[in-house]
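Breakdown of the fold
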Amino acid sequence: DVKVTQSSRYLVKRTGEKVFLECVQDMDHENMFWYRQDPGLGLRLIYFSYDVKMKEKGDIPEGYSVSREKKERFSLILESASTNQTSMYLCASSSEGNEQFFGPGTRLTVL
Amino acid sequence: AQTVTQSQPEMSVQEAETVTLSCTYDTSESDYYLFWYKQPPSRQMILVIRQEAYKQQNATENRFSVNFQKAAKSFSLKISDSQLGDAAMYFCAYGGATNKLIFGTGTLLAVQP
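A brief look at the structure comes next. (Residues numbered from 1 in each chain as written. Chains lettered and ligands numbered in written order. Predicted model: local features only at pLDDT ≥ 70, side-chain atom pairs only at ≥ 80, totals over all residues. Heavy atoms only, no water.)

To continue, consider the overall build of chain B. When helices and strands are tallied, chain B shows 0 helices and 12 strands. In sequence order, the secondary structure elements of chain B are arranged as β-β-β-β-β-β-β-β-β-β-β-β. The C-alpha atoms of chain B give a radius of gyration of 14 Å, which matches the 13 Å a tight globule of 113 residues would have. Burial status across chain B gives 44% buried among its 113 residues. If you take every contact in chain B between residues at least 6 apart in sequence, the share linking residues at least 24 apart comes to 54%. Total accessible area on chain B stands at roughly 5700 Å², and carbon and sulfur atoms take up 45% of it. (Helix = DSSP H or I, 4+ residues; strand = E, 2+ residues; numbered from the N terminus. Rg over C-alpha atoms; globule rule 2.2 N^0.38 Å. Buried < 20%, exposed > 50% of the residue type's maximum accessible area, 1.4 Å probe, protein only. Contact = heavy atoms within 4.5 Å. Areas by Shrake-Rupley, 256 points an atom, 1.4 Å probe, with all protein chains shown as cover.)

Here it is as structure tokens:
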């Protein structure tokens, strides 16, 4: 079975802190994705990566950056966390056929 | 640009009954996939069912089936013999040529005992 893990289930940070969210997949997938999930808005794509060191902006990249140094790992970085970045963050990976496999999510609260 | 619309924010069904969740989408692509994902409360999002657009036959997975109407750009999910464990947020998603998925806003399904 595909396994996608995320470094934390719950995270509380202060405004202005630098935040790292880590995602690891174990199925050698080329594509990895970061979404944020907010009530009534569904899942919105922040960034995705289709290969090591390759990244593309999604629909809401402002305030975020990403890093993919190894194929299995995709990191989301909040350079200076703000309260409007309080949300659920979901990581996913995929190979062919578009089916994405999701991690358990990180619920981030920025105070 | 492609869009996915789920017009039912919340639905409710009695245990053992059948419920249908609606999804419409818009695209100019001819080759694509459609998905229904399930997100139980505080649990991981999982794939329920997948449909390739070139297949005319509607996909089924046990109690879950879809009604795929390509011309109408409609992709509804039918859950038969609903169980308490079916209570979840359900997301419809579109996957085209870009390897990205576009999600609807979700339908929260409650199952009444």
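Within the structure shown, the criterion is met by 2 disulfides over all chains. The side chain of A:Cys23 participates in a disulfide bridge whose partner is A:Cys91; the two sulfur atoms lie 1.8 Å from each other. Its torsion about the S-S bond being -75°, the disulfide of A:Cys23 and A:Cys91 is classed as left-handed. Here A:Cys23, found in strand S3 (residues 19-25), pairs with A:Cys91, found in strand S9 (residues 87-94); they are 68 residues apart in sequence, far enough to count as distant. The pair A:Cys23 / A:Cys91 is uniform in exposure class, with both members buried. A disulfide bridge connects B:Cys23 with B:Cys92, and the sulfur atoms are separated by 2.0 Å. Judged by the sign of its S-S torsion, about -70°, the bond between B:Cys23 and B:Cys92 is left-handed. (Disulfide = S-S within 2.5 Å.)

For the rest of this paragraph, the subject is the nonpolar core. All names here are of chain B. Within the largest apolar cluster, 25 residues are counted, with the highest numbers of intra-cluster contacts made by Tyr25, Trp36, Phe75, Leu77 and Tyr90. When contributions to this core are tallied by element, the ones reaching two or more residues are strand S3 (19-21), strand S5 (33-39), strand S6 (46-52), strand S8 (64-69), strand S9 (74-79), strand S10 (88-95) and strand S12 (107-112). Of the residues forming this core, the biggest block, 4 residues, is contributed by S10. Not counting chain neighbours up to four residues away, the residues in contact with Phe75 comprise Cys23, Tyr25, Leu34, Phe35, Trp36, Gln51, Val66, Asn67, Phe68 and Cys92. (Core = buried A, V, L, I, M, F, W, Y, C linked by side-chain atoms within 4.5 Å.)

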